[in-house]
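Residue strings, one per chain:
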Amino acid sequence: MTTIVDVRARRVWDSRGRPTVEAEVHTGRGLGRAIAPAGASTGAGEARELRDGGARLGGRDVMQAVAHVQGPIRQALLGRDVADQAGLDAALIALDGTPDKGRLGSNAIVAVSLACAQAAAQAAGLPLWAHLARTGLPAGQAPRLPLPEVQIFGGGAHASARVDLQDFLLVTPGARSFAQALEWTAEVYHAAGARMARRGAGGGVADEGGWWPDFRGNEEAIEELARAIEDAGFSAPRDVAIALDVASSQFYDGRCYTLRLDGRRLEREAFAELLAGWVAAYPIVSVEDPFADSDPEGMRAFTARCGARLQIVGDDYFVTDARRIRQGAAEGACNAVLLKPNQIGTLTETRAAWDAARAAGYGAIVSARSGETEDVSIVHLAVGWGVPQLKVGSFARSERMAKWNEALRIEEALGAGALPFPAPGIYPAIHPGIHPGTGGG
Ligand code: PGA
Ligand code: ZN
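The structure presented is a predicted model; accordingly, all values stated were derived computationally and were not measured.

(A) Representation of the pattern of salt bridges. Scanning the model with the defined rule gives 38 salt bridges in all. Residue Glu22 pairs with Arg33 through a salt bridge whose shortest N-O separation is 4.0 Å. Within this pair, whereas Glu22 is found in strand β2 (residues 19-27), its partner Arg33 is found in strand β3 (residues 30-35), the two being separated by 11 residues in sequence. Classification of Arg33 as partly exposed rests on a relative accessible area of 43%. A salt bridge links Arg238 to Asp239; its shortest N-O distance comes to 3.3 Å. Residue Arg238 is classed as exposed on the basis of its relative accessible area of 57%. Owing to a relative accessible area of 15%, Asp239 belongs among the buried residues under this scheme. Taken together, the salt bridges that share partners define one network made up of Arg195, Arg198, Arg199, Arg216, Glu220, Glu224 and Asp231.

(B) Focus on the site of ligand 1. Taken together, 14 residues form the shell around ligand 1, and within it Ala40, His158, Gln166, Arg369 and Ser370 come nearest. Within the contact set of ligand 1, an oxygen atom lies 2.8 Å away from a side-chain nitrogen or oxygen of Arg369. Compared with its free state, where it exposes 280 Å², ligand 1 has 99% of that area covered by protein. When grouped by side-chain class, the residues that make up the shell around ligand 1 number 2 nonpolar, 5 polar and 7 charged. There are two domains that each give the shell around ligand 1 at least three residues, and those are domain 1 (4-125) and domain 2 (136-417).

(C) Up close: helix α3 (residues 106-124). Counted at 1.5 Å a residue, the expected span for α3 with its 19 residues is 27 Å, and the 27 Å between its end C-alpha atoms agrees. Counting buried positions along α3 gives 17 out of 19 residues, so the element sits mostly inside the fold. A positive phi of about 70° marks Gly125, the residue just after α3.

(D) Inspection of the layout of surface pockets at higher detail. One number sums up the size of the largest pocket: a volume of about 280 Å³. Together, 15 residues line the largest pocket, and Gln85, Leu132, Thr135, Leu347 and Trp385 are the ones closest to its centre. It is helix α4 (residues 128-136) that contributes the most residues to the lining of the largest pocket, 5 residues altogether. Its residues placed into classes, the lining of the largest pocket shows 8 nonpolar, 5 polar and 2 charged.

The rules behind the values
Each residue is numbered by its place in its chain's sequence as written, counting from 1. Just so you know, chain letters begin at A and ligand numbers begin at 1, following the order they were written in. With pLDDT at 70 or above as the cut-off, local features in this predicted model cover only qualifying residues; side-chain atom pairs require 80 or more to be listed or tallied, and sums for whole chains, interfaces and linings still use all residues. Note: side-chain values were computed over all heavy atoms of the structure, leaving out hydrogens and water. A pairing counts as a salt bridge when a side-chain nitrogen of Lys or Arg comes within 4 Å of a carboxyl oxygen of Asp or Glu. A run of H or I in DSSP becomes a helix once it reaches four residues, and a run of E becomes a strand once it reaches two; helices and strands are each numbered from the N terminus. Residue burial is assigned from relative accessible area. The probe radius is 1.4 Å, only protein chains are included, and a residue is buried under 20% of its type maximum, exposed over 50%, and partly exposed in between. Any residue with a heavy atom positioned within 4 Å of a molecule or strand is treated as near that molecule or strand. In the analysis that follows, any N or O atom pair within 3.5 Å is treated as a polar contact, provided that within protein one partner can donate a hydrogen and the other can accept it, and provided that, for residues neighboring in sequence, both atoms belong to side chains. Reported accessibility uses the Shrake-Rupley method at a 1.4 Å probe radius. Residues are deemed covered only where the shown protein chains occlude them. Amino acids outside the nonpolar list (Ala, Val, Leu, Ile, Met, Phe, Trp, Tyr, Cys, Pro) and the charged list (Asp, Glu, Lys, Arg) are all regarded as polar, and Gly is one of them. Domain start and stop positions are those given by an automatic or database domain assignment. Each helix should span, by expectation, one fewer than its residue count multiplied by 1.5 Å. A 1.4 Å probe that fits but cannot get out identifies a cavity on a 1 Å grid over protein atoms alone, an open set with protein on both sides within 12 Å along at least five of seven lines counts as a pocket, and a residue lines either if it has an atom within 4 Å of a point. Grid points are joined across faces, edges and corners, and a volume is the space filled by probe spheres set on the points.

Below, the structure is given as structure tokens:
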């Protein structure tokens, strides 16, 4: 047993220049360190981060959360076995005592939970992915790289709502390796940038590094991405394809979906019609949060309509909550899950969400937040748990590139073990008949 001998925290800064929590967990065999990310388009059911309020730093400071790590959390974890992730996470949850982790702060809790895992890996003399893979992979599955999902244009809450949809993304189902997936992504990212420059709108980027959206309508962004794929010389959807994060909770008012840029206010059925039309007209293989977290009827109907040939991902819809995933699966909502550790608060609960997704036959994507840092823990989770897809934003800005580059290092360490890549059947549009959830095995 490796005991925790110290727990520390400090305020550091995220990719939006906002304060966030870094935690350190020390043992006699080194230390683990992790930083809490932060979302902008957060789901209503997410764990609650603790911000200090008041006037300073727009009320966003995290000194109370830092103090919680240094005080009560440290006291609760000192002397415990760092390898007992489930026990440590249970202690954090019990110490907080609220349903949304808002007392200690999900930012404090997730930083500590991830730092414990990092410290346990350090004590075992392994990189985190290898430490997790020892117990975390499905029986008989070798560790391999996830398929990247990379933002090309930003939008929604990450770009002052200049376009209503949040992410216009590229996936590379035809790539033979993670390295090749990134190379193809780079070609398309820069082709898209060149198109924007020719339109007189080049250079600027949104929160996650995707090109700043300067479009006359939402569909124009999809069209421009399809053209950039052509410019770069790829065939879609076989080699590369489009994914969308609609993040529709951001523009749903309980009755209608309002696409401000298009001047349209659409009820559930009309919005489904519009989305289904886009899916038919463009090489779109995955759509995230097409309907709002408060509109389960819309999500169920859209899944029934398009789910056989489209990956439908619940992000705000499931908020990485195993209970919500099980309920959604029972009701036929979505067929894939976004996994964000800070959305639920601990590593153990994130793992439970992945287990619930797998049990339902759902696909899964480990995801970063729009507010990120140099922390690369989530890349290790995807590899160590065998999650087939990874979404960490665009192909610019070092809080994003740090994660893509970490995946390259892991691919190199795995060597031939990283193949086959990617798992077939992630996208039903490309491999019809193979259920998305069964592709990872
Ligand atoms: P967020 O965006 O981190 O601002 O929530 C990411 C996403 O919606 O996938
Ligand atoms: Zn999302």
